Amino acid sequence: MRILHLANHARDVGNGIVNVMVDLAVAQAQAGHEVTLATETCGFAPLLQAHGVRHMVLPQRRALALPAGVRGLRRVVDAVAPQIVHAHMVSGALVAWSARCLGARGYGLVTTVHNEFQRSSNLMRLGDRVVAVSGAVGARMAERGIPAARIRVVRNATIGAARLLRQAESPLRLDGPAIVTVSGLYARKGVLDLIEAFAMVHARYPAARLYLVGDGPDRGACERLARERGVAEAVRLVGFVSDPRPWMRAADVFVLASHSESFPLVMAEAREVGCAIVATSVGGVPEALEYGAAGMLVPARRPALLAEALGTLLRDPVTLAVWRTRARAGTEWLRVERMQRDYDAVYDEVLAGLGAMDAEGEASAAGEVGTDKGLVRHG
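Quick summary incoming for the structure in this document. (Residues numbered from 1 in each chain as written. Predicted model: local features only at pLDDT ≥ 70, side-chain atom pairs only at ≥ 80, totals over all residues. Heavy atoms only, no water.)

Overview of the sheet that holds strand S3 (residues 54-57)
1) Next: Ordered in space as S3-S2-S1-S4-S5-S6-S7, the seven strands form an open sheet in which the pairing is parallel. Strands at the two margins of the open sheet, each flanked by one partner only, are S3 and strand S7 (151-153). Going across the sheet, the axis of each strand differs from the next one's by a mean of 25°, ignoring polarity.
2) Next: Sheet topology note: the strand S4 (residues 84-87)/strand S5 (residues 108-113) ladder contains four bridges and is parallel. (Pairing = 2+ DSSP bridges. Helix = DSSP H or I, 4+ residues; strand = E, 2+ residues; numbered from the N terminus. Axes fitted to C-alpha atoms, helices over the stretch in contact; angles between N-to-C directions.)

Next up, the structure:
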């Protein structure tokens, strides 16, 4: 199958959408498909090249860029003749849909809703199939008017991804007990709630340390809150790292305090390394943690309850060990090969639908020709 993936960029900056796309593209190439990525920039060129994935430059997100994007996509389509165009961001969906309406070579269009909380994600309805990365996201998109018959759920997966296997892990030793989160520093990611909760934990466990692995616009707010709560020396702002698994392996507890999540890759990564996990029960997080079987779930925006769960793990080594074991159990479905097979099934369904439409069109045309001949004979 010839597959073309579209996104605004493919920078190696920890963007979950990009990471899913790259992991999927490489897995598809390994499975024997012809795969191309079309983005404006790319930080994964050596990885893609090593696995036979082609990259082409296609600007998609600039002011008044839709006409230029359509022209650019038509050139890409002429070069690679994709059977499936898979858009991971709204701009790509608009460009691919518009190009097809304007006569670009026929292809099936698949869109994936990675960030359901963005209102612009409604435009992903342009796909022949709209893929939700969790059941929770699928339900929300149905509520927003996308026909359920066109929605498919393919949960994210990253275990075994070549993107991570390319990186040699360096063992870390953290001060602690060590509580680690891997998250962009955005208020919606619950990082301020986590600092509030950690201040309560630190009052009981003064040796505890909180490691914030990631960066973002609310870094300053995190630093200020840590100072105000008197835990600045115990809160370590690590910044962005391309492979967070060494931090997870060194953690006593991994925590994700988000206010909203579609299906965070970091949950699969934390489970793979066997972290004891505490996370907020939002979006696709319960699905990633098998509804509490693989990690402790707490309500979002409730720092006191988050602190209570963290304290439960820190005070009892036996309980901590139990949750480590639970996290590691039954993770085969979080392997990237499963995600690749699920997307293949969606693609096959789209192509079958296009084939049926072509057959119907040919039959209709044949009927019209037969009718014309019949009229001539009887005339």
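Resuming the write-up.
Regarding the sheet that holds strand S11 (residues 253-256)
1) Next: In spatial order, the strands read S10-S9-S8-S11-S12-S13; together these six strands make up an open sheet with parallel pairing. Every other strand in the sheet has two partners, leaving strand S10 (235-239) and strand S13 (296-298) as the edge strands with one partner each. Adjacent strand axes in the sheet meet at a mean angle of 20°, parallel and antiparallel pairs treated alike.
2) Next: As judged from the three bridges shared by strand S12 (residues 277-280) and S13, these two strands associate in the parallel manner.

Focus: the packing of aromatic side chains
1) Next: In this structure the tally under the stated criterion is three aromatic pairs.
2) Next: Ring geometry for Tyr-211 versus Trp-247: centroids 6.2 Å apart, planes at 45°, classification tilted. With a gap of 36 residues between them, Tyr-211 in strand S9 (residues 209-213) and Trp-247 in helix H9 (residues 245-249) connect regions that are remote in the sequence. Assigned by exposure class, Tyr-211 and Trp-247 land together as buried.
3) Next: In this structure, Arg-188 packs its charged tip against the face of Tyr-186, placed 5.4 Å from the ring centre.
4) Next: We note Arg-326 situated over the ring of Trp-323; from NZ or CZ to the ring centre the distance is 4.4 Å. (Phe/Tyr/Trp six-rings, centres within 6.5 Å; stacked < 30°, edge-to-face > 60°. Buried < 20%, exposed > 50% of the residue type's maximum accessible area, 1.4 Å probe, protein only. Lys NZ or Arg CZ within 6 Å of the ring centre and 35° of its normal.)

Describing the side chain of Asn-156
1) Next: By the secondary structure assignment, Asn-156 is in the loop between S7 and helix H6 (162-165).
2) Next: Within the local environment of Asn-156, its side chain forms a polar contact with the backbone oxygen of Phe-263, the two atoms lying 3.0 Å apart.
3) Next: Apart from residues no more than four positions distant in its own chain, Asn-156 is found in contact with Val-20, Val-133, Phe-263, Leu-265, Leu-334, Arg-338 and Met-339. (Polar contact = N/O pair within 3.5 Å; in protein donor to acceptor, adjacent residues only side chain to side chain. Contact = heavy atoms within 4.5 Å.)

Some thoughts on helix H13 (residues 317-328)
1) Next: Helix length check: H13 (twelve residues) gives 17 Å between terminal C-alpha atoms against 16 Å at 1.5 Å per residue, within 8%.
2) Next: Restricting attention to buried positions, one finds in H13 the residues Leu-320, Trp-323 and Ala-327. Viewed along the axis of H13, the buried residues span an arc of 65°, placing them on a single side of the element.
3) Next: Where H13 is buried, its residues touch S11, helix H10 (265-273), S12, S13 and helix H12 (303-315).
4) Next: The N-terminus of H13 is capped by Asp-316, whose side-chain oxygen sits 3.0 Å from the backbone nitrogen of Val-318. (Expected span 1.5 Å × (residues − 1). Arc of directions from axis to C-beta.)

Thoughts on the pairing of strand S6 (residues 129-132)
Residues in a regular strand point their side chains to alternate faces of the sheet.
1) Next: Residues Arg-129 and Val-131 point to one face of S6 and Val-130 and Ala-132 to the other, with burial holding for every one of them.
2) Next: Strand direction decides the pairing type here: S5 and S6, joined by four bridges, are parallel. Bridging across to S6, Val-110 finds its partner in Arg-129.
3) Next: Here three bridges tie S6 to S7, and the two strands are oriented parallel to one another. Bridge assignment links Val-130 to a residue of S7, and that residue is Ile-151.
4) Next: With helix H5 (residues 135-143) bridging S6 and the parallel S7, this β-α-β connection has right-handed handedness. (Right-handed = clockwise from strand over helix to strand, strands pointing away.)

Quick notes on the packing of helix H3 (residues 66-80) against helix H4 (residues 90-101)
1) Next: Running from N to C, H3 and H4 point in directions that differ by 70°, and their axes come no closer than 9 Å. What the angle tells us is that H3 and H4 run roughly perpendicular. The handedness of the crossing between H3 and H4 is right-handed. On H4, the residues that touch Leu-66, Gly-69, Val-70, Leu-73 and Arg-74 of H3 are Leu-94, Val-95, Ala-96, Ser-98 and Ala-99.
2) Next: The residue inventory of the contact of H3 with H4, partitioned by class, reads seven nonpolar, two polar and one charged. (Parallel < 35°, antiparallel > 145°, perpendicular 65-115°, else oblique. Left-handed = near helix turned anticlockwise from the far one by under 90°. Nonpolar A, V, L, I, M, F, W, Y, C, P; charged D, E, K, R; others polar.)

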